[in-house]
Amino acid sequence: QVQLVESGGGLVQPGGSLRLSCAASGSIFRINRMGWYRQAPGKQRELVAGIVSDDSTNYSDSVKGRFTISRDNAKNTVFLQMNSLKPEDTAVYYCNVQILTMRLTRADYWGQGTQVTVSS
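Residues numbered from 1 in each chain as written. Predicted model: local features only at pLDDT ≥ 70, side-chain atom pairs only at ≥ 80, totals over all residues. Heavy atoms only, no water.

## Quick notes on the sheet that holds strand S8 (residues 77–82)
With respect to topology, 4 strands assemble into an open sheet ordered S1-S3-S8-S7, the strand pairing being antiparallel. Where the open sheet ends on each side, the last strands, each with one partner, are strand S1 (2–7) and strand S7 (67–72). Between one strand axis and the next, the sheet turns by 15 degrees as a mean value, whatever way the strands run. One ladder, built from 6 bridges, connects S7 with S8; its direction is antiparallel. When the bridges of S8 are listed, Ser-70 appears paired with Phe-79. (Pairing = 2+ DSSP bridges. Helix = DSSP H or I, 4+ residues; strand = E, 2+ residues; numbered from the N terminus. Axes fitted to C-alpha atoms, helices over the stretch in contact; angles between N-to-C directions.)

Structure, rendered in structure tokens:
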């Protein structure tokens, strides 16, 4: 089993910054991909950013240039630095991890979600 622990959400004013983190632990052989998704009220969950094992990244158009995803492989942790936050960034942010288990099978895990609210 794999556990994901997210932290770093909160309330911030427009133009402010927050840093999310997500630490994975448990029966992990290798982490293939780590990513952040978000879901605003009444909307579908959407990809925010992803990072794979060679550190290649991808971002949604709405956050390019403002958000940065990074990872600490030694600690199985992924970060999302969010700058120049806008009210439309308000959502619950979810960490996603795609792994190879110790049995060399693929598995997909989600964090519990952390609320980010951008408001004056």
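Still more to cover.
## Describing the pairing of S7
Only one face of S7 is covered, namely the one carrying Phe-67, Ile-69 and Arg-71; the face carrying Thr-68, Ser-70 and Asp-72 has none of its residues buried. The turn linking S7 back onto S8 is made up of 4 residues, and Asn-76 within it adopts a positive phi angle of 50 degrees. (Buried < 20%, exposed > 50% of the residue type's maximum accessible area, 1.4 Å probe, protein only.)

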